[in-house]
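# Remarks on the overall topology
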Amino acid sequence: MITDFLVIGAGIAGASIASRLSEFGRVVLLEREERPGYHTTGRSAAFFTVNYGNQVIRSLTAASRQFFSNPPDGFTNHPLMSPRGILTIARADQFSEYEKNLAGARAVSDDIAEIGIDDAVQLFPTLRRDYVSLAHYEPGLYMDVDQIHGGYLRQMTAHGGTLVCDAEARSIEYVGGVWNVGTPAGVYEAPILINAAGAWADEIASLAGVDPVGLNPMRRTVIIFAGPAGVNLDKAPMVIDVEEKFYFKPEAGKILASPADETPSPPCDVQPDELDIAVTVERVELATNMVIGRIDHKWAGLRSFVADRTPVVGFDPGHEGFFWLVGQGGYGIMTSPAMAHAATALATKQSWPEDLAKNGVCPEKLSPLRPALLKRNEK
Ligand SMILES: Cc1cc2nc3c(=O)[nH]c(=O)nc-3n(C[C@H](O)[C@H](O)[C@H](O)COP(=O)(O)OP(=O)(O)OC[C@H]3O[C@@H](n4cnc5c(N)ncnc54)[C@H](O)[C@@H]3O)c2cc1C
């Protein structure tokens, strides 16, 4: 089947760019699994904050906010975000990290309030007074990831695009100005191939004869357990350690917690490690009065980074029509509107969108040719 754009990977990256590109031509979105969103996209913590990641990430997040609060017609009937505070806590020995974190937070938001221990404990009633010494609060947001991902896919279909599941890209060749992708569901062809394969993106590049960008998939663990009996935490904020050694938040009547681990892993259907689960329990029990008995659910997902922890977006310099949309790390949901907008402008060779420029996002910072990816570009 011949089309204008072939996208590999139907996580948030592939779905979001497919939704935008379908306004410019025919799109086929290829997904290896039997359903889209099975890997990292379906395993996130779903929070939105401009106070996270490096400066480029913060700019991309800020540029995405408007889309989530006011999505295009037909995207969804549900709100994509709901207000939920984020409480950053520090022990006395974390004073200097706290000061740094507070300065960084204030640089991107006017809404950061330093609060006392009484207020912190009132916001999250099981916090231990003898653990927390410093705290600041920001009015953060939770995202509805299913609605966001589903909305992108609906938009793509409404514009005539096609999602093909059980379609693992197994061979990729460039012949006569066209990329040919062999899958169990058939052969697909297009002059432009978008690599949005998450943790597998460097494997896709190798399959296509393109140099990898040096992607490092990192495992992150999550557990869900019942909250303390008789304490209503439904409206409580997410609590995050100032050095991001753990976080926890109310989740549909229970508590979701993570040790915020970053363990290198090959791309795979990653599963949680018992040691990381034990570390999560230990850190949460140290900071709170919660006693974690049974763990109701546990999972892990791969957050994939390149050397400078900034996504890679743009055409490969050495291979006509091969386009990168990878390295979203721990920010891929909240930055997806801006990333898809940026990627579409570059893939269709349009001028750079004004709202991205206004928010400080420029193509050079995302480029596969940038100095931070030097080793690759020296070849
Ligand atoms: C525990 C955890 C918490 C997180 N919390 C947040 C958060 O609070 N906020 C936030 O914004 N982000 C968060 N993230 C990060 C976010 O989830 C990721 O950045 C994002 O989901 C990456 O999306 P993706 O589309 O690049 O990857 P994926 O969702 O992994 O999609 C890639 C797809 O490519 C497919 N694929 C691979 N190889 C092939 C092939 N050969 N042929 C066809 N298809 C192929 C895969 O099957 C997969 O479906 C979190 C991540 C984790 C793990």
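Residues numbered from 1 in each chain as written. Predicted model: local features only at pLDDT ≥ 70, side-chain atom pairs only at ≥ 80, totals over all residues. Heavy atoms only, no water.

### As for the sheet that holds strand β12 (residues 186-190)
What the three strands build is an open sheet, ordered β10-β11-β12; its pairing is antiparallel. With one partner strand each, in any of the chains shown, β10 (171-175) and β12 form the two edges of the open sheet. Recorded for the sheet is a direction-independent mean angle of 20 degrees between the axes of neighbouring strands. Across five bridges, the pairing between β10 and strand β11 (residues 178-183) is antiparallel. Looking at β11, one finds that Ile 172 is bridged to Val 181. (Pairing = 2+ DSSP bridges. Helix = DSSP H or I, 4+ residues; strand = E, 2+ residues; numbered from the N terminus. Axes fitted to C-alpha atoms, helices over the stretch in contact; angles between N-to-C directions.)

### Points about the pairing of strand β5 (residues 86-90)
The buried count for β5 comes to five of five residues, which makes it a mostly enclosed element. Because side chains alternate across β5, one face comprises the buried residues Ile 86, Thr 88 and Ala 90, and the other comprises Leu 87 and Ile 89, equally buried. Bridge count for β5 against strand β15 (residues 238-241) is four bridges, and the pairing is parallel. Its bridge partner being in β15, Leu 87 is matched across the sheet by Val 239. (Buried < 20%, exposed > 50% of the residue type's maximum accessible area, 1.4 Å probe, protein only.)

### Description of the pairing of strand β14 (residues 216-226)
Of all the eleven residues making up β14, nine are buried; the element is thus mostly covered by neighbouring parts of the structure. Relative to strand β19 (residues 295-305), β14 runs antiparallel, the two sharing ten bridges. In the sheet register, Val 222 faces β19, and the bridge partner there is Trp 299. Summarising the sheet, β14 and strand β18 (residues 263-264) pair through two bridges and their orientation is antiparallel. Pairing of Arg 219 across the sheet is with Thr 263, part of β18. Across four bridges, β14 lies against strand β17 (residues 254-258) in antiparallel orientation. Considered in β17, the bridge of Ala 226 is made with Lys 254.

### Examining unusual backbone geometry
We note that Ala 260 has phi near 55 degrees; this positive angle belongs to a residue other than glycine. Structurally, the position occupied by Ala 260 is in the loop between β17 and β18. By relative accessible area, Ala 260 is classed as buried at 10%.

### Let's talk about the domain arrangement of the protein chain
Domains assigned within the protein chain are domain 1 (5-71 + 144-214 + 308-378) and domain 2 (86-139 + 216-305). At the interface, 25 residues of domain 1 touch 26 residues of domain 2. Between domain 1 and domain 2 the total buried area reaches about 2,000 Å² when both faces are included, carbon and sulfur atoms providing 53% of it. The largest per-residue losses of area from domain 1 upon contact with domain 2 belong to Arg 43, Asn 51 and Arg 309, which jointly make up 28% of the total buried on that side. Our enumeration of links across domain 1 and domain 2 arrives at two salt bridges. Close ionic contact of Asp 269 with Arg 43 constitutes a salt bridge, the shortest N to O distance being 2.8 Å. Applying the counting rule to domain 1 against domain 2 returns 14 residue pairs in polar contact (both at pLDDT 80 or more). (Domains from an automatic or database assignment. Contact = heavy atoms within 4.5 Å. Buried area = accessible area lost by both parts, 1.4 Å probe. Salt bridge = Lys/Arg side-chain N within 4 Å of Asp/Glu carboxyl O. Polar contact = N/O pair within 3.5 Å; in protein donor to acceptor, adjacent residues only side chain to side chain.)

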